[in-house]
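# Residue-level structural notes
So you can see what is in the structure, the chains are spelled out below.
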Amino acid sequence: MTTRHTDTRQHILCTGKQIIAAKGFSSVGLAELLQASEVPKGSFYHYFKSKERFGQALLEDYFTDYLAQLDTLLQTPGLSGRDRLLRYFEQWRTTQADECGEQKCLVVKLSAEVSDLSEAMRLTLRDGTERVIARLAQCVADAIEDGSLATFEPLPTARTLYSLWLGANLLAKLHRNAEPLEQAWTASLRLLAD
């Protein structure tokens, strides 16, 4: 019974992520989510007390997956700290550059939309991004230690880089082209010059 519980909950979250990545949180009604995930309303409320709680769980699940992928990228053996950072931003650059309607980064897709609607979702987004920044800061510190970067303050540097890329991702979405991501790449190379 526990396995089914987890599988159904995860199925609702995965289905919801696909729809919300394309349409946003407010634009997706409960009926659409239920129909797409093929679960009855009672099952939804068994796992989530409200649509807001579903949104919070969706973001928690997103950050769990994202941070696991980030850890894999930033802990690649045999690469300098600088190369690991650049590998992360290169992946961001290539995965976010396509022009499909679905926004792969839920932070970009939902931050402005839900921050004023839901304090719980805002805090989940804030805490998730802080965990991303902390991992980037550790990688900057590793790069300083291994000599692949000049001495920077790790946390402010990580925060600057993450802000640069979030902004570039948003502009790429607005302009429907990858030029802002290319500019973020150039700026990152300058900032992380060895």
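Placed above this text is the structure.
Residues numbered from 1 in each chain as written. Predicted model: local features only at pLDDT ≥ 70, side-chain atom pairs only at ≥ 80, totals over all residues. Heavy atoms only, no water.

Right, let's get into the overall build of the protein. Scanning the protein from terminus to terminus reveals nine helices and zero strands. Each helix and strand of the protein, placed in order from N terminus to C terminus, yields the pattern α-α-α-α-α-α-α-α-α. Referenced to the eigenvectors of the C-alpha coordinate spread, the extents of the protein come out at roughly 55 × 40 × 25 Å. Classification of the 194 residues of the protein by burial places 42% in the buried group. In the structure as shown, the protein presents an accessible area of about 10,200 Å², 52% of it carried by carbon and sulfur atoms. For the protein, the distance from the average site of its 22 positive side-chain charges to the average site of its 25 negative ones is 5 Å. (Helix = DSSP H or I, 4+ residues; strand = E, 2+ residues; numbered from the N terminus. Buried < 20%, exposed > 50% of the residue type's maximum accessible area, 1.4 Å probe, protein only. Areas by Shrake-Rupley, 256 points an atom, 1.4 Å probe, with all protein chains shown as cover. Lys, Arg positive; Asp, Glu negative; His and termini not counted. Charge placed at Lys NZ, Arg CZ, Asp CG, Glu CD.)

What follows covers the nonpolar core. Within the largest apolar cluster, 56 residues are counted, with the highest numbers of intra-cluster contacts made by Phe 54, Tyr 88, Phe 89, Val 132 and Leu 136. Broken down by element, the residue count for this core peaks at 11 residues, all from helix α4 (residues 51–74). If near-sequence neighbours (up to four positions away) are discounted, Leu 136 is found in contact with Leu 70, Leu 74, Leu 85, Tyr 88, Phe 89, Ala 158 and Tyr 162. (Core = buried A, V, L, I, M, F, W, Y, C linked by side-chain atoms within 4.5 Å. Contact = heavy atoms within 4.5 Å.)

This brings us to the packing of aromatic side chains. Using the criterion set out here, one finds 13 aromatic pairs in the structure. Here the aromatic rings of Phe 44 and Tyr 45 are separated by 5.3 Å at their centres, their planes lie at 90 degrees, and the arrangement is edge-to-face. On the basis of relative accessibility, which here comes to 39%, the residue Tyr 45 falls in the partly exposed class. Taking the centre distance of 6.3 Å and the plane angle of 20 degrees together, the rings of Phe 89 and Trp 92 count as stacked. Highlighted residues: Phe 89 and Trp 92, both in helix α5 (residues 81–95), separated by three residues, approximately one helical turn. Among the residues examined, Phe 89 registers a relative accessible area of 0% and is labelled buried. (Phe/Tyr/Trp six-rings, centres within 6.5 Å; stacked < 30°, edge-to-face > 60°.)

This part takes up unusual backbone geometry. Trans peptide bonds make up the majority, and among non-glycine residues the majority have a negative phi. Here the phi dihedral of Glu 38 falls at roughly 55 degrees; this positive angle occurs in a residue that is not glycine. The residue Glu 38 is located in the loop between α2 (30–37) and α3 (41–47) in this model. You can call Glu 38 exposed: its relative accessible area is 71%. The backbone of Arg 176 shows a phi angle near 55 degrees, a positive value even though the residue is not glycine.

Moving on to the side chain of Thr 124. Along the chain, Thr 124 turns up in helix α7 (residues 119–146). There is a polar contact of 3.5 Å between the side chain of Thr 124 and the side chain of Gln 56. In this structure, Thr 124 is in contact with Gln 56, Leu 59, Glu 60 and Phe 63, ignoring residues within four places of it in sequence. (Polar contact = N/O pair within 3.5 Å; in protein donor to acceptor, adjacent residues only side chain to side chain.)

Turning to α2, a few remarks are in order. For α2, the complete set of buried residues consists of Leu 30, Leu 33, Leu 34 and Ser 37. When α2 is viewed along its axis, its buried side chains cluster within an angular range of 95 degrees and face the same direction. Along α2, the residues that are exposed and aim more than 90 degrees away from the buried face are Ala 31 and Gln 35. (Arc of directions from axis to C-beta.)

Our next topic: the packing of α4 against α5. Between α4 and α5, the shortest axis-to-axis distance is 8 Å and the interhelical angle comes to 135 degrees. By the angle between their axes, α4 is oblique relative to α5. Counted together, Tyr 66, Leu 70, Thr 72, Leu 73 and Leu 74 of α4 and Arg 84, Leu 85, Arg 87, Tyr 88, Gln 91 and Trp 92 of α5 form the full contact between these two elements. (Axes fitted to C-alpha atoms, helices over the stretch in contact; angles between N-to-C directions. Parallel < 35°, antiparallel > 145°, perpendicular 65-115°, else oblique.)

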